[in-house]
Structures are given as structure tokens and as C-alpha cells.
Amino acid sequence: MDRRTAIASGALAALAVYAIFVPIFAGVDDRVVDFSSARLGPSAQHPFGTDSAGRDLFVRSASAIGTSLLVAVACAVLATVLGCVVGLAAGVWGGWVDRIVMRSTDAVNALPHLLLGIVIVAMFRGSVVAIVASIALTHWTQVARIVRSEILRLRERAFVDVAIVAGASRFHVATRHFVPAVLPQAMIAVVLLLPHAVWHESTLSFLGFGLPPHEPSLGTLLEEARSSLLLGSWWTLVFPAAILLVATLSVAVLGSALRARVTPARPSELRL
């Protein structure tokens with residue numbers, strides 16, 4: 001493990017501990033409003049200060065990173081599953097199925113992802129399911145292309161021809177040979193999609209289309225910081241933004257390291 005990967009792993013582990021244990025042991029309800037403590041600067045009692053409603057930002061940021069990462073994981077997994085299914089269908093069946101699938105993929109890519117996500121979320125304002133669906137439905141296309149290209153490469157292998165001559169169905173070939181071959185790519189896709197999912201969730205919440213204001217996420221904290229920043233409460237922006245930056249950079253570095261380890265290893269020819 002190189003130094004950069006070690007630092008990213010340590011930072012992500014620290015954020016995980018922070019997100020899990022601080023809300024449990026802080027003894028503070030981050031949803032309770034106390035206007036008498038509004039916009040207090042960082043101190044020993046409030047390490048990240050308080051927001052415009054007097055809520056402790058140290059505890060609220062911990063809850064926010066946990067919420068954002070959970071939503072991001074759900075988005076990344078769903079987008080990867082959709083991409084793998086679409087890519088497998090295009091690569092295994094080929095012909096007119098491949099043409100229809102790839103044209104559909106091009107059509108989704110032609111649409112602005114953020115705008116499409118806003119349209120989907122606006123119909124179900126404040127719904128976590130809608131947020132997950134909006135991000136997943138706009139991020140599966142690259143996974144589908146990667147999976148399709150891997151399947152097309154594998155279709156040229158001799159063991160696939162032997163399996164077909166032996167009477168194996170397309171479903172058997174797909175489940176026995178193709179699915180195991182694309183699992184490493186799917187694992188990489190989940191990790192690499194996490195930063196995009198975190199940023200998109202934060203952007204939707206920042207624009208007012210994501211989670212409701214009382215539900216802490218990195219996006220809602222940044223949206224709340226807009227008005228406080230004009231009043232000189234810089235801490236309401238700096239700490240949530242720093243957490244967002246550290247989280248996404250750490251995941252991106254780990255994803256790149258994982259891709260470097262997995263990509264050189266080509267799938268071996270599997271037995272019939």
C-alpha cells in the first residue's frame with residue numbers, strides 16, 4: 001500500500017468512526033432547536049460551532065456524513081446493478097438487442113444528468129427513494145459500456161465457442177462465464193461511483209431538491225450555510241465542506257488504487 005492510499009484509508013476510517021460514534025455518545029440531539037445558542041463560533045463546547053438554529057454542528061456533521069454515505073452507497077450499488085444488467089444483455093444477445101440498448105445508453109448520456117435528477121426528485125420532494133433513483137438512473141451508462149466491452153472481448157474466446165457447441169444456452173454461458181468475469185469491474189464501479197453519488201446528493205440537497213432541511217446531510221448543511229455565511233458565520237460552511245472534500249477524495253483515491261490492482265488481472269478461462 002502506497003502512502004497516498006494509506007492516508008486515504010486512514011481518513012475514511014476516521015470519518016466512519018466519527019459518523020458512527022459521535023451521534024451515539026455526544027449526548028446531544030442535533031434536531032433540537034435552541035435560538036439562544038445560534039451562530040456560536042467554534043469552542044471547546046461546540047468544536048464546529050452552531051448553526052442558525054443553535055444546533056451543534058459537530059454532531060450534526062457526523063449525522064450528515066453518515067446519511068450522505070448511506071445514500072451514496074445505495075446509489076452506487078443500484079447504478080452498478082443496472083449497468084451490469086444492461087451491459088450483459090447487450091453483450092450476450094447482440095444484434096438488434098445490442099443496437100437498441102446502446103442507442104438508449106447514448107440517449108441517457110445526451111441528457112444533462114443534474115437536470116434529469118432534479119426533474120425526478122422534484123416529483124417526489126424529500127423522498128430518499130427518489131434521490132437514490134435519480135442518481136442511479138443517470139449513472140449506469142458508463143458501467144453498461146464497460147461491461148458490454150468486456151463481454152464482447154470474452155465472446156471471442158475459444159472456451160465460449162466450445163460451451164455453445166456443447167449445447168450450453170446463452171443464460172448458462174452468461175451466468176457461468178460472463179458474470180464472474182465482470183464482477184471485478186462491478187466492484188470497481190461501485191467504489192468509483194461513490195464520490196459522484198455523494199456530490200450529486202449534496203448538490204440536490206443544496207439546491208433544495210434533496211432531503212428536507214431537518215434531515216442532516218452534507219448538502220442540507222451547505223444549503224443552510226448560505227444565509228449564515230453572509231452574517232459572518234464562516235464555520236457553518238467550512239467544516240461541512242471540508243468533510244465533503246475529504247470523504248470524496250479519499251474514496252476516489254481508494255477507487256483508483258483498487259482499479260490499478262484489479263485491471264491488470266485478466267479473467268481466466270473458466271471450465272465448462
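Placed above this text is the structure.
Conventions used here
Residues numbered from 1 in each chain as written. Predicted model: local features only at pLDDT ≥ 70, side-chain atom pairs only at ≥ 80, totals over all residues. Heavy atoms only, no water. Helix = DSSP H or I, 4+ residues; strand = E, 2+ residues; numbered from the N terminus. Buried < 20%, exposed > 50% of the residue type's maximum accessible area, 1.4 Å probe, protein only. Areas by Shrake-Rupley, 256 points an atom, 1.4 Å probe, with all protein chains shown as cover. Lys, Arg positive; Asp, Glu negative; His and termini not counted. Charge placed at Lys NZ, Arg CZ, Asp CG, Glu CD. Patch = residues over 30% accessible without salt bridge, like charges linked within 9 Å, V, L, I, M, F, W, Y side chains within 5 Å. Salt bridge = Lys/Arg side-chain N within 4 Å of Asp/Glu carboxyl O. Expected span 1.5 Å × (residues − 1). Arc of directions from axis to C-beta. Contact = heavy atoms within 4.5 Å. Phe/Tyr/Trp six-rings, centres within 6.5 Å; stacked < 30°, edge-to-face > 60°. Core = buried A, V, L, I, M, F, W, Y, C linked by side-chain atoms within 4.5 Å. Polar contact = N/O pair within 3.5 Å; in protein donor to acceptor, adjacent residues only side chain to side chain.

Asks: How should I be thinking about the overall build of the chain in this particular structure?
Replies: If you tally the helices and strands in the chain, you get ten helices and zero strands. Each helix and strand of the chain, ordered N terminal to C terminal, gives the series α-α-α-α-α-α-α-α-α-α. Per-residue burial for the chain yields a buried fraction of 42% across its 272 residues. Of the roughly 13,700 Å² that the chain leaves accessible, carbon and sulfur atoms contribute 69%. Seen as two clouds, the 21 positive and the 16 negative side-chain charges of the chain have centres 10 Å apart.

Asks: Looking at this structure, how should I read a nonpolar patch on the surface?
Replies: On the surface, a cluster of nonpolar side chains totalling about 540 Å² of accessible area is made up of V17, I20, F21, I24 and F25. Mapped onto the elements of the fold, F25 is located in helix α1 (residues 3-25).

Asks: How do you make sense of helix α3 (residues 95-110) when you look at a structure like this?
Replies: An α-helical turn contains 3.6 residues, so a residue and the one three or four places further along point in the same direction. Between its first and last C-alpha, α3 extends 23 Å over 16 residues, near the 22 Å set by a 1.5 Å rise per residue. Three or more residues of α3 are buried, namely V97, D98, V101, M102, T105 and V108. The buried residues of α3 all sit within an arc of 120° when viewed along its axis, so they share a single face. Relative to its buried face, α3 has exposed residues pointing more than 90 degrees away, namely W96, R99, R103 and A110. Residues of α3 that are buried sit in contact with α2 (57-93), α4 (113-122) and α6 (141-155).

Asks: Explanation requested: the pattern of salt bridges in the structure shown.
Replies: Pairing between side chains of opposite charge can happen when their charged atoms approach one another. All told, the structure shown has nine salt bridges when counted by the stated rule. Between R55 and E224 there is a salt bridge; the shortest N-O distance is 3.7 Å. Taken together, the positions of R55 in the loop between α1 and α2 and E224 in helix α9 (residues 218-230) put the pair 169 residues apart, joining distant regions of the chain. Here R55 falls in the buried class, since its relative accessible area comes to 11%. For E224, a relative accessible area of 15% gives the class buried. Beyond isolated ion pairs, a larger network of salt bridges with shared partners links D51, R55, R60 and E224.

Asks: Could you clarify how one ought to interpret the packing of aromatic side chains in this entry?
Replies: Note on aromatic pairs: each is described by the distance of the centres and the angle between the planes. The tally for this structure, following the rule as stated, stands at seven aromatic pairs. Their ring planes at 20° and their centres at 6.1 Å tell us that F21 and F25 sit as a pair that is stacked. Separated by four residues within a single helix, F21 and F25 lie in helix α1, roughly one turn from each other. On the accessibility criterion, F21 (41% relative accessible area) is partly exposed. Given a relative accessible area of 64%, F25 falls into the exposed group. An aromatic cluster of at least three residues, connected via ring pairs, comprises Y18, F48, F58, W234, W235 and F239.

Asks: Looking at this model, I keep getting lost on the nonpolar core. Mind explaining?
Replies: As a rule of thumb, soluble globular proteins bury nonpolar side chains together. Judged by nonpolar contacts, the single largest core of 54 residues is most densely connected at Y18, I65, I131, V147, I151, F178 and I243. Residues in contact with I131, not counting those within four places in the same chain, are V71, C75, V121, E201, L204, G210 and L211.

Asks: Explain α6 to me, please; I cannot follow it from the model alone.
Replies: With 15 residues, α6 extends 21 Å from end C-alpha to end C-alpha; this agrees with the ideal 21 Å at 1.5 Å per step. Listed in full, the buried residues belonging to α6 are T141, V143, A144, V147, E150, I151 and L154.

Asks: Looking at this model, I keep getting lost on the environment of D51. Mind explaining?
Replies: For D51, the position within the fold is in the loop between α1 and α2. For D51, a relative accessible area of 4% puts it in the buried group. Not counting chain neighbours up to four residues away, the residues in contact with D51 comprise A38, R39, L57, R60, E224 and T236. A polar contact of 3.0 Å, which involves the side chain of D51, links it to the backbone nitrogen of A53. Looking at D51, its side chain comes within polar contact range of the main-chain nitrogen of G54, at 3.0 Å.

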